[in-house]
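An overview of the molecular structure
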Amino acid sequence: MLGLVIRAFQRFVVDTYGAPAWEAVAHRAGLPVQGVEAMRVYPDALAAEVAAAAEGVLGRPRAGILEDFGTYLVSHPDRQALRRLLRFGGGCFRDFLASVEELPGRARLALPELDLPQVEIDDAGDGRLTLACRPPVPEVIHVAAGMLRAMADDYGALVVVDTAEGADGATRLTIDLLDARFAAARPFALVAGVH
Amino acid sequence: MAARSSAAVTLDPVALGRLMPLHLLLSPDGTLAAAGPTLARMLQGTAWRGSHLSELFDLRHPRRGLSGGPARLVGERLHLVMRRPPHTGFKGQAVACAGGMLLVNLGLGIGVVDAVREHRLTERDFAPTDHAIELLYLAEAKSVVQDVLRDVNGQLEAARTAAEEQALTDTLTGLRNRRALDGALAGAVASGAPFAVVRIDLDWFKAVNDNLGHAAGDAVLQAVARALRTETRAGDTVARVGGDEFVLLLAGVAAAEEAEAIGQRILVRIAAPVPWEGREARVSASLGYVLSRSYARPDPDRLLGDADEALYASKRAGRGRITAGRVALAAGPARLSRPAAARALPPAQ
């Protein structure tokens, strides 16, 4: 896993809970004193350690923290880059959902070491979709939930995203698409800075 | 023109526009009969219908242009540039159609980022098979990654500065630096074992820099560093503490004779000329030393200060020699400084 991911989480904790909270998380997770390097590859287990440390320091369940992190990644006004990159997935939220399975490939094109987990979308056809993530980091499903809600908001789509335990014990997301006609999408130009 | 077979395809303009939003249909005389929806948007404000292709576009390839009739374009890799601003460039190819018409399909190629900005295109302006959106995504992803790399570089730069501040080695000579010397001195004082502190200042060094250049000066400093390393032992500390100033911490040296013997050997070595680009750089050295044993309670600053005073006595006495600090002779008259066995000559540069 690229240090970039941990650094993004660091920004989220600092922006949301303040720098001392992050220092406590970093200390508890045993992160290097000089900080995590964005372009260095770290063991996947480190992500789970950081999540566990955040749970302890912030006194909140891990799932909620990770979901907020996902929302932050897409919707924080200072972090427009990822939202824009995700919007290239499609012109409407449905098209975007259809492109989610391509995300690891898109990420690799941008940064070969950015190894995103494989995502599978199952479209039952009745307006309900199921999203599952392949291991090795099962927690990522909660980040995905936050990101999906924020992206739906971005597209002006009305959706209900829920977590559900599958028969195999793995957590999945159910995405119910509601009528999107009355919600306004946030503007998106293909080239940044054009309105 | 091939006769209509069962495999021939007929498309209505809307379907054609969906498949190829950037196409245009040329009449046999080279005038535009129709344009795909995206191309029509880009040509908005010009009376393009019925205009000749060459009025609207500069045909850069093939070079001969439309001479010989539009049909000559078939099979060529086309490169067209819009005549009016923003002079958008297109790649394209032409195929012949029924009735002598020519179907030309265009694409924006690598210029797609600029074209999208200038014509305010959206994803609906491109066919799903067009890689335009992927190209735009990549262009943006690239700039995001560049920002990340810039951040990483900034962090590395800060780390390097911090490391340099904490470094113990002088980068030019590989000797220890002032910080390392301070640490070694404090350790030596704390240990209580005897030691000598020798201060060394080069004579005529400025002349080398002035006459032979700074690279020659650097070569001299490196030669001096080699000389100091050769004449000291592994447990000693050899530090460069200024441009041409050095300090030795000689561990276990309790006798003036021992310190002076080492000093004399150093004087001889430093006085040896340093070859430099067919010429010779010559310096000598002035030394001053103190013994820790001479002090009831040795203090690093005091030791360095007294050794410095002895060094200046060497300078005043004519350079190229070693002088003991005054404190060593508390009971007697000021001791004469001893010139080096091989007296350094004034520079011949």
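Just so it is clear, the structure is predicted and the values come from calculations on it, not from any experiment.

Residue and element names in this part refer to chain B. Under the 1.5 Å per step criterion, the end-to-end length of helix H6 (residues 178-191) is 20 Å for 14 residues, consistent within 8% with the ideal 20 Å. Within the sequence span of H6, burial applies to Ala180, Leu181, Leu185 and Ala188. On an axial view of H6, the arc spanned by its buried residues comes to 135°, and they lie on one face. Buried residues in H6 make contact with strand S7 (195-203), strand S8 (237-240), strand S9 (245-251) and helix H10 (300-316). Of the residues flanking the start of H6, the one acting as N-cap is Asn177, its side-chain oxygen 3.1 Å from the backbone nitrogen of Arg179. In the stretch just after H6, Gly192 is the one whose phi turns positive, near 85°.

With that settled, the discussion passes to the packing of helix H2 (residues 19-29) of chain A against helix H3 (residues 45-58) of chain A. Any two packed helices are characterised by the angle at which their axes cross and by the distance between the axes. Residues and elements named next belong to chain A. Running from amino to carboxyl end, H2 crosses H3 at an angle of 130°, the nearest separation of the two axes being 8 Å. When the axes of H2 and H3 are compared, the pair comes out oblique. In the packing of H2 onto H3, the handedness of the crossing is right-handed. In this structure, H2 uses Ala21, Trp22, Ala24, Val25, Arg28 and Ala29 to contact H3, whose residues at the interface are Glu49, Val50, Ala53, Ala54, Gly56, Val57 and Leu58.

This paragraph deals with the sheet that holds strand S3 (residues 159-165) of chain A. Residue and element names in this part refer to chain A. As summarised here, the arrangement of the four strands in space is S1-S2-S4-S3, forming an open sheet in which the pairing is antiparallel. Either end of the sheet is taken by a strand with one partner, and the two such strands are strand S1 (119-123) and S3. Each strand axis lies, on average, 25° off the axis of its neighbour in the sheet, ignoring direction. Judged from the seven bridges that link them, S3 and strand S4 (residues 171-177) form a sheet pairing that is antiparallel. Counterpart to Asp162 in the pairing with S4 is Thr174.

Residues and elements named next belong to chain B. For S7, the tally of buried residues reaches nine of nine residues, placing the bulk of the element in the interior. For S7 and S9, the ladder comprises seven bridges, and the chain directions are antiparallel. Pairing of Arg199 across the sheet is with Val247, part of S9.

In this section: the packing of aromatic side chains. For any two aromatic rings, the description comes down to two numbers: the centre-to-centre distance and the angle of the planes. All names here are of chain A. Inspection of the entire model under this criterion finds 12 aromatic pairs over all chains. Aromatic pair Phe9 and Phe69: ring centres 5.1 Å apart, planes at 90°, arrangement edge-to-face. Of this pair, Phe9 sits in helix H1 (residues 3-17) while Phe69 is found in helix H4 (residues 62-75), placing the two residues 60 residues apart along the sequence. Phe69 shares its class with Phe9; the two are buried. Through a chain of ring-to-ring contacts, three or more aromatic side chains come together here, namely Phe9, Phe12, Tyr17, Trp22, Phe69 and Tyr72. Its end group placed over the ring of Tyr155, Arg87 keeps NZ or CZ at 4.2 Å from the ring centre.

Counting residues at the interface gives 22 residues for chain B, matched by 22 residues for chain A. Of the roughly 1900 Å² buried between chain B and chain A on both sides combined, carbon and sulfur atoms contribute 68%. Summed over the three residues of chain B that lose the most area to chain A, namely Glu123, Tyr137 and Glu140 of chain B, the buried surface amounts to 33% of that side. Between Asp151 of chain B and Arg11 of chain A there is a salt bridge, with its nearest N and O atoms 3.7 Å apart. Summed over the shared surface of chain B and chain A, the result is two residue pairs in polar contact (both at pLDDT 80 or more). Secondary structure elements with two or more residues in the side of chain B that touches chain A: helix H4 (112-119) and helix H5 (132-166) of chain B. Of the residues in the side of chain B that touches chain A, the class split is 14 nonpolar, two polar and six charged.

So, about unusual backbone geometry. Residues and elements named next belong to chain B. Cis rather than trans, the peptide bond between His61 and Pro62 has omega equal to 0°. Not every positive phi belongs to a glycine, and His87 is a case in point at roughly 55°. With respect to the helices and strands, His87 occurs in the loop between strand S4 (78-82) and strand S5 (89-96). On the basis of relative accessible area, His87 is assigned to the partly exposed category, the value being 45%.

Residues and elements named next belong to chain B. With respect to the element layout, Asp170 can be found in the loop between H5 and H6. Under the relative-accessibility criterion, Asp170 is labelled buried at 14%. There is a polar contact of 2.4 Å between the side chain of Asp170 and the side chain of Thr173. Residues within four places of Asp170 in sequence aside, it is in contact with Leu175, Arg176, Asn177 and Arg240.

Residues and elements named next belong to chain A. For H1, spanning 15 residues, the distance from its first C-alpha to its last is 21 Å, which sits close to the expected 21 Å at 1.5 Å a residue. When H1 is considered as a whole, its buried residues turn out to be Gly3, Ile6, Ala8, Phe9, Phe12 and Val13. The elements touched by buried residues of H1 are H2, H3 and H4. Gly18 occupies a position one or two residues after H1 and carries a positive phi of about 100°.

All names here are of chain B. Mean pLDDT over chain B stands at 89; residues scoring 70 or higher make up 92%. Mean pLDDT values for the elements of chain B range from 56 in strand S14 (residues 338-339) up to 97 in S9. A low-confidence stretch, residues 328-336 stays under pLDDT 50, and its non-local contacts, those more than four residues away or across chains, total six contacts. Counting interchain partners and residues more than four positions distant, the pLDDT-below-50 stretch residues 341-349 has 25 contacts. The complex prediction reports pTM at 0.66, with the ipTM value standing at 0.80.

Reading the values: the criteria
- Residues numbered from 1 in each chain as written.
- Chains lettered and ligands numbered in written order.
- Predicted model: local features only at pLDDT ≥ 70, side-chain atom pairs only at ≥ 80, totals over all residues.
- Heavy atoms only, no water.
- Helix = DSSP H or I, 4+ residues; strand = E, 2+ residues; numbered from the N terminus.
- Expected span 1.5 Å × (residues − 1).
- Buried < 20%, exposed > 50% of the residue type's maximum accessible area, 1.4 Å probe, protein only.
- Arc of directions from axis to C-beta.
- Contact = heavy atoms within 4.5 Å.
- Polar contact = N/O pair within 3.5 Å; in protein donor to acceptor, adjacent residues only side chain to side chain.
- Axes fitted to C-alpha atoms, helices over the stretch in contact; angles between N-to-C directions.
- Parallel < 35°, antiparallel > 145°, perpendicular 65-115°, else oblique.
- Left-handed = near helix turned anticlockwise from the far one by under 90°.
- Pairing = 2+ DSSP bridges.
- Phe/Tyr/Trp six-rings, centres within 6.5 Å; stacked < 30°, edge-to-face > 60°.
- Lys NZ or Arg CZ within 6 Å of the ring centre and 35° of its normal.
- Buried area = accessible area lost by both parts, 1.4 Å probe.
- Salt bridge = Lys/Arg side-chain N within 4 Å of Asp/Glu carboxyl O.
- Nonpolar A, V, L, I, M, F, W, Y, C, P; charged D, E, K, R; others polar.
- pLDDT = per-residue confidence, 0-100.

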